[in-house]
Amino acid sequence: MNKKILIPLIVVILALLGGLAYLFMNLQEQKQVNEDMQELARLDKQEMENEYERFTLQYSEMKTKINNDSIIEQLTQEQMRTQQLLEELKKTKAEDAREITRLKKELATVRAVLRDYVMQIDSLNRQNERLKAENTQVKEQLAERNTQIAGLSNEKASLSEKVAIAAQLDATNIQLRALKKNNKDVKKIKDCVSMQTSFTITRNVTASNGTRTVYVRIQNPGGNTLNGGGTFTYENRNLQYTMKKNIEYTGEETSLTLFWQVTQALEAGDYRVSIFVDGNMIGSKTFSFN
């Protein structure tokens, strides 16, 4: 085959393979995040089921503490209602957001009603200790349920953290140029009149869309920040930035270029560029100038 045809064909094939590999990795990442979010919803539903079961057991415990038939009948009715809501929740899929929201509101009502009965019974029978032995088994069941709920809460928190990490932005292709007045690269850093920083914020479909403030921090060989801006918060402390820019992020790949006009003498050595968004450092790279 003619080399004039073969070489471009190979380049196109390699580019297609690279694009397919990037698409596959991106799809795998999105699939993992979706699975994590589904697991988070499942854990939330399981946690609600455990609370409904715990409230049902508490009604049983409360009925053993009083001799008032009227209140016992009321407690029985509320217990049956709680059990019915629990059965409805078990039949509901974790992905059914509307029904889960309704049952979560019902759970709040059950909790408030239960709290009211607790106060009534405590007022009527504050000194009654006769039924401690009968309550031991129910209390043990409650303790077991509480342990399960605590474990689910920890697992839920861990999954929430994974989702937040997946939504964090990332900066690539970071470049730093020292320019002369004619916008050409300098040979000696002392001749620099402006610095150009460019980079790309990668595509991230899990990140929320909206306005973002991008902070760029350039540090000279002595570790001092090239001045030009104010400060921003990072890891509970205020840092100086060299440049900043507000962008409208849509989840797609976004390329940025920022300029800093030299206001101080520059020395030869390593200059470090760090980029921050949403309180996170999303990229960093060091450049050497003579």
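By convention here, each chain's residues receive numbers from 1 onward along its written sequence. For this predicted model, a pLDDT threshold of at least 70 governs which residues receive local features, and a threshold of 80 or more governs which side-chain atom pairs are given and counted, while totals over whole chains, interfaces and linings are taken from all residues. Neither water nor hydrogens contribute to the side-chain values; these are computed over all heavy atoms in the structure.

### Focus on the overall build of the protein chain
Where we set the bar: What counts as a helix is a DSSP run of H or I of at least four residues, what counts as a strand is a run of E of at least two, and both are numbered from the N terminus.
A tally of helices and strands in the protein chain yields 4 helices and 9 strands. Written out in order from the N terminus, the α and β elements of the protein chain read α-α-α-α-β-β-β-β-β-β-β-β-β.

### Some remarks on the nonpolar core
Among soluble globular proteins, nonpolar side chains are generally buried collectively. Rule in force here: In this description, a nonpolar core means a group of buried Ala, Val, Leu, Ile, Met, Phe, Trp, Tyr and Cys residues linked to one another through side-chain atoms lying within 4.5 Å. Burial classification: accessible surface area is computed with a 1.4 Å probe over protein chains only, and a residue below 20% of its type maximum counts as buried, one above 50% as exposed, and the rest as partly exposed. The criterion used for residue contact is that any of the two residues' heavy atoms lie within 4.5 Å.
Within the largest apolar cluster, 30 residues are counted, with the highest numbers of intra-cluster contacts made by Met-195, Phe-199, Ile-201, Ile-218 and Tyr-271. Elements supplying a minimum of two residues to this core: β1 (171-179), β2 (194-201), β3 (210-219), β6 (243-249), β7 (254-261), β8 (269-277) and β9 (280-289). Leave out the neighbours within four places in its chain, and Phe-199 touches Ala-171, Thr-172, Asn-173, Ile-174, Val-214, Val-216, Thr-254, Ser-255, Leu-256, Leu-258 and Ile-275. One finds Tyr-52, Leu-75, Leu-86 and Tyr-117 within the second-largest nonpolar core, a separate group that totals 18 residues.

### With respect to the sheet that holds β1
Cut-off, in case you're wondering: A strand pair is defined by DSSP finding two or more bridges across the two strands. A fitted line through C-alpha atoms represents every axis, and for helices the fit uses only the stretch in contact; the resulting angles, taken between N-to-C directions, go from 0 to 180 degrees.
Strand order in this open sheet of 3 strands is β1-β2-β7, and the pairing throughout is antiparallel. Among the strands making up the open sheet, the edge pair consists of β1 and β7. Neighbour to neighbour, the strand axes of the sheet diverge by 15° on average, direction disregarded. Sheet topology places β2 next to β7; 8 bridges connect them, and they run antiparallel. In the strand pairing of β7, Ser-198 is matched with Thr-257.

### Looking at unusual backbone geometry
One non-glycine residue with positive phi stands out, namely Asn-173, at about 50°. By relative accessible area, Asn-173 is classed as exposed at 56%. The phi dihedral of Asn-183 is positive, around 65°, even though this residue is not glycine.

### Describing the packing of aromatic side chains
Stated formally: By convention, a stacked pair of Phe, Tyr or Trp rings (six-membered ring in the case of Trp) has centres within 6.5 Å and planes under 30 degrees apart, an edge-to-face pair has planes over 60 apart, and any other such pair is tilted.
By the definition in use, this model includes 6 aromatic pairs. With 4.9 Å between their ring centres and 50° between their planes, Phe-232 and Phe-276 make a pair best called tilted. Of this pair, Phe-232 sits in strand β4 (residues 231-234) while Phe-276 sits in strand β8, and the two are 44 residues apart along the sequence. Pair check on accessibility: Phe-232 and Phe-276 agree, each one buried.

### Some thoughts on helix α2 (residues 69-91)
What counts is decided by this rule: Expected helix span is taken as 1.5 Å per residue step, with the number of steps being one fewer than the number of residues.
Along its 23 residues, α2 runs 33 Å from first to last C-alpha, staying within 8% of the 33 Å computed at 1.5 Å per residue. Residues Ile-71, Leu-75, Glu-78, Gln-79, Thr-82, Leu-85, Leu-86 and Leu-89 constitute the buried set of α2.

### Structural notes on the sheet that holds β6
A sheet is described by the order of its strands in space; here 4 strands give the open sequence β6-β3-β8-β9, paired in antiparallel fashion. A strand with exactly one partner marks an edge of an open sheet, and here the two such strands are β6 and β9. If you compare each strand with its neighbour and ignore which way they point, the axes differ by 20° on average. Here β8 pairs with β9 via 9 bridges, running antiparallel. The residue bridging Arg-272 from the neighbouring strand is Thr-286, located in β9.

### Side note on the pattern of salt bridges
Spelled out, the test is: Any Lys or Arg side-chain nitrogen located within 4 Å of an Asp or Glu carboxyl oxygen qualifies as a salt bridge.
In total, this model carries 12 salt bridges according to the counting rule given. The salt bridge partner of Glu-106 is Arg-81, with a shortest N-O separation of 2.7 Å. Placement of Glu-106 in helix α3 (residues 97-124) and of Arg-81 in helix α2 is noted, with a sequence separation of 25 residues between them. With a relative accessible area of 21%, Glu-106 lands in the partly exposed category. Linking Asp-191 and Lys-190 is a salt bridge whose minimum nitrogen-to-oxygen distance equals 3.5 Å. Since its relative accessible area comes to 39%, Asp-191 is described here as partly exposed. Looking at Lys-190, the relative accessible area reads 63%, which means it is exposed. Salt bridges here are not isolated pairs; linked through shared partners, they connect Glu-51, Arg-54 and Arg-111.

Keep in mind these values describe shape, not function.
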